[in-house]
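Chain and residue survey
In case you want the letters, here they are:
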Amino acid sequence: MRILVAEDEQDLNRLMVQALERAGYSVDSCYDGADALEYAAGADYDCILLDIMMPKADGRTVLRTLRSRGCAVPVIFLTALDSVQDRIDGLDLGADDYLVKPFDMAELLARIRAATRKYGGQKTTVLTAGDLSLDTVTHTVTRAGQTISLSAKEYAILEYLLRNKGAVLSRSQLENHIWNYDYAGGSNVVDVYIAYLRKKVDAPFDKKLIHTVRGAGWVLREE
């Protein structure tokens, strides 16, 4: 999953990016509202963490602009403004959650999981396809009761495939969700990681879950 962090406090910005990357997310970050709008227009994010008090354009302006563009991505406001009216105003603008500073990184990660579950129509933290199971909290992956060890990128791709089970995902969609703007790899990197995943998730088992759709991309399906 890909997250945008828009926070003008550089130390907090850095700490959030580090925590998110350790949790397996692909992360872009910026320090003002104008850049936040530019980033959001150029990528398909799964969640945006948005500081309210930012230069160039404050968080409320950014959120109002995003919603006017039809952008429905989950947005979590980050702010030191903690009055009840501040929270009401933020939620009424279209924010999905409101986290008051200072906050614990574990709580932030839990809020992100909750917001993205709601957006994706998920009611559980466990994603499944047949005998394959992925726990988005513990990052544990099992198949037929056997634990499968995945790298951070392999896990991220598998989670994205499971969240879009039955849908064909193109190379560009996978690149856009799994890698951030700093990525400068080769054009076949997705193919390489899909091959890694197949060796771990499919090769040891009779039934294959990850399928290639020639000229279109890949799909994870149970049939």
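Just above, that's the structure.
Reference entry: report on the structure contained in this document. Per chain, the residues get numbers from 1 upward, laid out in the order the sequence is written. In keeping with the model being predicted, local features are shown solely for residues with a pLDDT of at least 70 and side-chain atom pairs are shown and tallied solely at 80 or more, while totals for entire chains, interfaces and linings include all residues. Only heavy atoms go into the side-chain values, all of them from the structure, while hydrogens and water stay out.

1. Some remarks on helix H6 (residues 152-163)
Put simply, the rule reads: Numbering goes from the N terminus for both helices and strands, where a helix is a DSSP run of H or I of at least four residues and a strand is a run of E of at least two. What a helix is expected to span follows from its residue count: subtract one and scale by 1.5 Å. Think of it in three bands: residues with accessible area under 20% of the maximum for their type are buried, residues over 50% are exposed, and the middle band is partly exposed, with areas taken using a 1.4 Å probe on protein chains only.
Here H6 spans 16 Å end to end across twelve residues, near enough to the 16 Å set by a 1.5 Å rise per residue. Judged by how many residues are buried, H6 sits mostly within the fold: nine of twelve residues are covered. Every buried residue of H6 is listed here: Glu154, Tyr155, Ala156, Ile157, Leu158, Glu159, Tyr160, Leu161 and Leu162.

2. Looking at the sheet that holds strand S6 (residues 126-129)
Sheets are built from strands paired through backbone hydrogen bonds, the pairs being either parallel or antiparallel. Our working rule: Being paired, for any two strands, means DSSP has found at least two bridges between them. In this description, a line fitted to the C-alpha atoms serves as the axis of each element, helices being fitted only across the stretch in contact, and the angle between N-to-C directions of two axes falls anywhere from 0 to 180 degrees. In what follows, a contact means two residues having at least one pair of non-hydrogen atoms within 4.5 Å.
Taken in spatial order, the four strands line up as S6-S7-S8-S9 in an open sheet, and their pairing is antiparallel. Each edge of the open sheet carries a strand with a single partner, namely S6 and strand S9 (146-148). Strand-to-strand twist of the sheet, defined as the mean angle between neighbouring strand axes without regard to direction, takes the value 25 degrees. In this structure, S6 lies alongside strand S7 (residues 132-135), joined through four bridges in antiparallel fashion. Considered in S7, the bridge of Thr128 is made with Ser133. Set on the sheet, H6 makes contact with S6, S7 and strand S8 (140-143); between it and S7 the angle comes to about 110 degrees.

3. As for the pairing of strand S3 (residues 47-51)
Buried residues dominate S3, accounting for five of its five residues. Both faces of S3 are covered, namely the face carrying Cys47, Leu49 and Asp51 and the face carrying Ile48 and Leu50. Sheet topology places strand S1 (residues 2-6) next to S3; four bridges connect them, and they run parallel. For Ala6, the partnering residue across the bridge sits in S3 and is Leu50.

4. Topic: the packing of helix H2 (residues 33-42) against helix H3 (residues 59-68)
Counted only if it meets this: Comment on the angle field: the value is read as roughly parallel under 35 degrees, roughly antiparallel over 145, roughly perpendicular from 65 to 115, and oblique elsewhere. Helix crossings get a hand from a simple test, with the near helix turned counterclockwise from the far one by less than a right angle marking a left-handed crossing and a clockwise turn marking a right-handed one. Each residue gets one label: Ala, Val, Leu, Ile, Met, Phe, Trp, Tyr, Cys and Pro are nonpolar, Asp, Glu, Lys and Arg are charged, and the others, such as Gly, are polar.
Where H2 contacts H3, the two axes come as close as 9 Å, and the packing angle between them is 25 degrees. With respect to their mutual orientation, H2 and H3 come out roughly parallel. The element H2 and its partner H3 pack so that their crossing is right-handed. From H2, Gly33, Ala36, Leu37 and Ala40 reach across to H3, where they touch Val62, Thr65 and Leu66. Considered class by class, the residues forming the contact of H2 with H3 number five nonpolar, two polar and no charged.

5. A word on the pattern of salt bridges
Threshold: Whenever Lys or Arg places a side-chain nitrogen within 4 Å of a carboxyl oxygen from Asp or Glu, that contact is recorded as a salt bridge.
Within this structure, the stated rule accounts for 15 salt bridges. Residue Asp51 pairs with Lys101 through a salt bridge whose shortest N-O separation is 3.1 Å. With a gap of 50 residues between them, Asp51 in strand S3 and Lys101 in the loop between strand S5 (97-100) and helix H5 (105-120) connect regions that are remote in the sequence. Just as Asp51 is buried, Lys101 falls in that class too. Here the salt bridges do not stand alone but share partners, grouping Glu7, Glu9, Asp51 and Lys101 into one network.

6. Topic: the pairing of S1
For clarity, the cut-off: We call a crossover right-handed when, viewed with the strands running away from us, the connection from the first strand over the helix to the second turns clockwise.
In terms of burial, S1 is a largely internal element, five of the five residues being buried. Residue alternation in S1 divides its side chains into two sets, Arg2, Leu4 and Ala6 and Ile3 and Val5, and both sets are buried. Examined bridge by bridge, S1 and strand S2 (residues 26-30) share five bridges and lie parallel to one another. Bridging across to S2, Ala6 finds its partner in Cys30. The parallel pair S1 and S2, bridged by helix H1 (residues 10-22), forms a crossover whose chirality is right-handed.

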